[in-house]
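Chain by chain, the residues:
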Amino acid sequence: MITCYSKPAGDITQESSLLDAEAEERFKKQQRLVATLKQFPMRQRCVCCGEPLKGPQFEHHGASFVECCHCGHIQTTHHPSPSYPHNVSHGISFSEVYPQLGQDEYCDKRDRIYKPKLDWVFSTLSALEYSETELCTKRWLEIGSGAGYFLSAARQRGVQTIIGLEADEQLAKISQGQNPDVPTHQWEGGFDKALDDFDAEVYCSFFVLEHVPDLIPVWESLRRKPVGTLFVFSVPVFGFSCLLEQAFPNQFARNLEGVFHTQIFTESSIRYSTKLAGCQLLGEWIFGQDVLDLTRVLVSATNGSLRDTRIYAEFTADLKKSQDALQGVLDVNRLADQRHLLAIRI
């Protein structure tokens, strides 16, 4: 398997700054939503492997989580309804998290965040002797295509046939408006049904699997795909940022917050689910936002009087300059909070 590490933090400076500015408000909303989890029934089976759910439990930011003793997947002990957190009183929608942007801002975000994903896919497959022409003429499908940034990057690269599926109506409309030459469908049929109903040679899905309430049908659908089918995906994992969230329980949690992430992958559950899907991992890209989280919580938790000193200003400035180097250490030691993965049906 081909492993790549790290990505400049500067690529997401704008998005990270927005999180910093809204951290207090987001924390309050998280706490309010997490408190509603207890109204839901207890999970009986693991969302990832389907086995009876047993394993060590722990409390994290007001929610109770369990680590599956079979596959290592981490999930809330309570099983929220499919409408959580969107339709809970005073809930939150994906379109709030991904606001509509102007054309220039849209292209800028595409090039900073989504084009590198596509470049990594092409680079990894090129090293495995796939040609550029071969990849551009394959049939691609993105499940959970959001506002269409990856679709736009793929079309710009020369991918001839690509379709996007997105459940959120507003995001699907943004995608259609920004990429009129790429078919984008509002799709509420589920991940496994998308795999069954849409024939493709390359399936892509970025940070979507952690929102699927039952992953077993997904692995079964992938297992039915022809040998050689490619699956490109990314997932959050239990990493350094989760320990930060434990250490700073009164700060906004970005990774394991019990709101959008009521489940999270581990190295173990990734390997386990890949086997269930009848796939083999060809490549991985390990990087994260852990050090951005570290900077944010340290700055937020710093005593007010210290903030007025010159040494504090100098130190925080130097810390921000060191973010890539510090994150790189976490990445190469597999402690980062996310994985981008490339698998093939075998």
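Up top you'll find the structure we're talking about.
Presented here is a report on the structure given in the accompanying data block.

Conventions we followed
- Residues numbered from 1 in each chain as written.
- Predicted model: local features only at pLDDT ≥ 70, side-chain atom pairs only at ≥ 80, totals over all residues.
- Heavy atoms only, no water.
- Disulfide = S-S within 2.5 Å.
- Buried < 20%, exposed > 50% of the residue type's maximum accessible area, 1.4 Å probe, protein only.
- Helix = DSSP H or I, 4+ residues; strand = E, 2+ residues; numbered from the N terminus.
- Arc of directions from axis to C-beta.
- Contact = heavy atoms within 4.5 Å.
- Pairing = 2+ DSSP bridges.
- Right-handed = clockwise from strand over helix to strand, strands pointing away.
- Axes fitted to C-alpha atoms, helices over the stretch in contact; angles between N-to-C directions.
- Parallel < 35°, antiparallel > 145°, perpendicular 65-115°, else oblique.
- Left-handed = near helix turned anticlockwise from the far one by under 90°.
- Nonpolar A, V, L, I, M, F, W, Y, C, P; charged D, E, K, R; others polar.

As a further point, take the state of the cysteines. Inspection of the entire model under this criterion finds 0 disulfides. Distance from the sulfur of Cys 48, which forms no disulfide, to the nearest cysteine sulfur (Cys 71) is 4.2 Å. Judged by relative accessible area, which is 0%, Cys 48 ranks as buried. Of all cysteine sulfurs in the structure, the one in Cys 46 sits closest to Cys 68, which takes part in no disulfide; the separation is 3.8 Å. For Cys 68, a relative accessible area of 2% translates into the label buried.

Let's shift gears to helix α11 (residues 267–276). Along α11, the residues classified as buried are Ser 269, Ile 270, Ser 273 and Thr 274. Down the axis, α11 shows its buried residues gathered within 135° of arc, on one side only. Buried residues belonging to α11 abut α9 (216–223), β9 (230–236), β11 (279–286) and β12 (338–345). Within two residues after α11, Gly 278 carries a phi angle of roughly 65°, on the positive side.

Looking along a regular strand, one sees the side chains alternate between the two faces of the sheet. Inspection of the sheet shows strand β2 (residues 57–60) paired to strand β3 (residues 63–67) by 4 bridges, in the antiparallel sense. Within β3, the residue paired with Glu 59 across the bridge is Ser 64. A loop of 2 residues connects β2 with β3, the two strands running antiparallel in sequence, and His 61 in this loop sits at a positive phi of about 50°.

On to the pairing of strand β5 (residues 139–143), then. Among the 5 residues in β5, 4 count as buried, and that is most of the element. By the bridge criterion, 5 bridges tie β5 to strand β6 (residues 161–166) in an arrangement that is parallel. Within β6, the residue paired with Ile 143 across the bridge is Leu 165. In terms of handedness, the path from β5 via helix α6 (residues 149–157) over to β6 forms a crossover that is right-handed. With 3 bridges connecting them, β5 and strand β8 (residues 202–206) associate as parallel partners. Considered in β8, the bridge of Trp 140 is made with Val 202.

Turning to the packing of helix α10 (residues 240–247) against helix α12 (residues 290–301), a few remarks are in order. Close contact between α10 and α12 brings their axes to 8 Å; oriented N to C, the two are set at 20°. What the angle tells us is that α10 and α12 run roughly parallel. Of the two elements, α10 crosses α12, and the hand of that crossing is left-handed. Every residue of α12 that contacts α10 at Phe 240, Ser 241 and Leu 244 is listed here: Asp 290, Asp 293, Leu 294 and Val 297. Broken down by class, the residue content of the contact of α10 with α12 amounts to 4 nonpolar, 1 polar and 2 charged.

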